[in-house]
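# Observations on the three-dimensional arrangement
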Amino acid sequence: GFTETMSYSFVSGQSIKKLGFDPEKSFRVANPLADDRVYLRPFSSGSLFEIVAMNQSERDLMHIFELTRVFRPGRSVLPDELLRLVGVVMSSEPFREAKGAVEFLLMHMGISHKEIVFSPYEKNDDTPWANIGKSITLRVRGALVGSVVTPTEKALRDFDIKKPIALFRVRFQELQQLLVGNLIADEMVRFHFLVVFQYIGTGIRFKDVLVTGNEEARCTTRRIAEPVADLRIDQLHHHADNVAGRA
């Protein structure tokens, strides 16, 4: 499975520059906690690249993900907060594994294989660091919801990453809208993301992973997952189909 990371929402100007962006176009924090944490991050890719760089000497394989918020200019003086699922695979075949992980996750969210479409990468302003020929765009039910991206050699050098990696990105809010009406929606969709990535294929049941966090978190998790607590992780999408059939 994948290991969940939790990185800062505040980043340095240097980190933003490494992704090919002007930090002055990002939101500066009025009272930063540290000199290297002065901007609200507009992208989460850099944070995961830094985690890979710090840990690559200790392992040959790495599978990490983060469900987090990024901050972009909006219609008001305040930034728009966008929820993103981002992950990085470091292995001998990172692109294939990253693509497979996203596809596997979406199918366990109740999305059929036919509704998942990968196509040639659509270049955009978000990823000037992408190797266009080795990246793809992800659409679900016709809606653009993400991508699987191979960084350029320059991006790898800038972040001092010495091993092959690929990154996947999912626009969480857009995907959540597609799942409205399913069993796995709203709070459940977030919980499902976290659980599947960490426990898929282990045979662990939902109720066996409801013991972490503080008491408030445990109560919230029990309430969200009660309908499926006795199911194995890999049975959840079948349960969702059965519920939808009875509705």
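Residues numbered from 1 in each chain as written. Predicted model: local features only at pLDDT ≥ 70, side-chain atom pairs only at ≥ 80, totals over all residues. Heavy atoms only, no water.

### Looking at the pairing of strand 7 (residues 136–140)
Our working definition: Partly exposed describes any residue whose relative accessible area lies between the buried limit of under 20% and the exposed limit of over 50%, with all areas from a 1.4 Å probe on protein chains only and scaled to the type maximum. For helices the rule is a DSSP run of H or I covering at least 4 residues; for strands it is a run of E covering at least 2, with both sets numbered from the N terminus onward. Two strands pair if DSSP finds at least two bridges between them.
With respect to burial, strand 7 is a largely interior element, four of its five residues being buried. Sheet analysis places strand 6 (residues 116–120) next to strand 7, joined by five bridges and oriented antiparallel. Paired with Ser119 across the strands is Thr137, a residue of strand 7. In sequence, strand 7 turns back onto strand 8 (residues 143–149) through a hairpin of two residues, with Arg141 there showing a positive phi of about 55°.

### Here we look at the pattern of salt bridges
For clarity, the threshold we go by: The working definition used for a salt bridge is a side-chain nitrogen of Lys or Arg within 4 Å of a carboxyl oxygen of Asp or Glu.
Going through the model one piece at a time under the given rule, you end up with nine salt bridges. Arg139 is paired through a salt bridge with Glu122; the nearest N and O atoms lie 3.1 Å apart. Of the two residues, Arg139 is situated in strand 7 and Glu122 in the loop between strand 6 and strand 7; the sequence distance between them amounts to 17 residues. Look at Glu122 and you get partly exposed, because its relative accessible area is 33%. With a closest N to O distance of 2.9 Å, Lys162 and Asp160 form a salt bridge. Residue Lys162 is classed as exposed on the basis of its relative accessible area, which comes to 64%.

### Describing the nonpolar core
Going by this rule: Buried residues of nine kinds, namely Ala, Val, Leu, Ile, Met, Phe, Trp, Tyr and Cys, make up a nonpolar core once their side-chain atoms join them within 4.5 Å. The contact criterion used is simple: two residues touch if any of their non-hydrogen atoms lie within 4.5 Å.
In this structure, Phe49, Val52, Val88 and Ile165 are the most contacted members of the largest nonpolar core, which totals 26 residues. Sorting the residues of this core by element identifies helix 2 (45–55), strand 4 (62–72), strand 5 (80–90), helix 4 (153–158) and strand 9 (165–171) as the ones contributing at least two each. Sort the elements by how many residues they give to this core and helix 2 lands first, with four residues. Setting aside residues up to four positions removed in sequence, Val52 forms contacts with Met62, Ile64, Val88, Met90, Ile161 and Ile165. In terms of nonpolar packing, the next biggest core, distinct from the first, is built from 25 residues, Leu67, Leu106, Val148 and Leu175 among them.

### Overview of the confidence of the model for the protein
Parts of the prediction with low pLDDT should not have their coordinates interpreted in detail. Stated precisely, the cut-off is as follows: Within a predicted model, pLDDT stands for the predictor's per-residue confidence, ranging from 0 to 100.
Summarising the model, the protein shows a mean pLDDT of 76, and 72% of its residues fall at 70 or more. Confidence over residues 182–186 falls short of pLDDT 50; this stretch has 16 contacts with residues more than four positions distant or in other chains. This stretch, residues 228–247, has a pLDDT under 50; its non-local contacts, to residues over four places away or in other chains, come to 37 contacts.

### Here we look at the environment of Met6
Turning to its location among the elements, Met6 is positioned in the loop between strand 1 (3–4) and strand 2 (10–11). Distance from Met6 to Leu48, taken between C-alpha atoms, is 9.4 Å for residues 42 residues apart in sequence.

### What about the sheet that holds strand 5?
Quick reminder of the rule: Helix axes use the C-alpha atoms of the stretch in contact, all axes being lines fitted to C-alpha atoms, and the angles between their N-to-C directions lie in the range 0 to 180 degrees.
An order of 1-4-5-9-8-7-6 is seen for the seven strands of this open sheet, with the pairing classed as mixed. In this open sheet, the two edge strands, each paired with only one partner strand, are strand 1 and strand 6. Strand direction decides the pairing type here: strand 4 and strand 5, joined by 11 bridges, are antiparallel. Paired with Ile64 across the two strands is Val88, which belongs to strand 5. Here helix 2 sits on the sheet in contact with strand 4, strand 5 and strand 9, set at roughly 150° to strand 4.

### Side note on the packing of aromatic side chains
Applied cut-off: Classification of ring pairs uses Phe, Tyr and Trp, with its six-membered ring standing for Trp, and accepts pairs whose centres are within 6.5 Å; under 30 degrees between planes counts as stacked, over 60 as edge-to-face, and the remaining range as tilted.
One pass over the structure, following the stated rule, counts four aromatic pairs. Considering the side-chain rings of Phe2 and Phe168, the 5.8 Å spacing of their centres and the 75° angle between planes classify their relative orientation as edge-to-face. Note that Phe2 is positioned in the segment before strand 1 and Phe168 in strand 9, a separation of 166 residues in sequence. An identical accessibility class is assigned to Phe2 and Phe168; each is buried. Arranged with centres 5.2 Å apart and planes meeting at 65°, the rings of Phe49 and Phe159 form a pair that is edge-to-face. Of the two residues, Phe49 is situated in helix 2 and Phe159 in the loop between helix 4 and strand 9; the sequence distance between them amounts to 110 residues. Put simply, the rings of Phe49, Trp129 and Phe159 touch in pairs and so form one group of aromatic residues.

### Observations regarding unusual backbone geometry
Residue Arg141 is not a glycine yet carries a positive backbone phi of 55°. Looking at the secondary structure, you find Arg141 in the loop between strand 7 and strand 8. Overall, the relative accessible area of 36% leaves Arg141 in the partly exposed class. Positive phi, normally seen in glycine, also occurs at Asp160, with a value near 60°. Structurally, Asp160 is set in the loop between helix 4 and strand 9.

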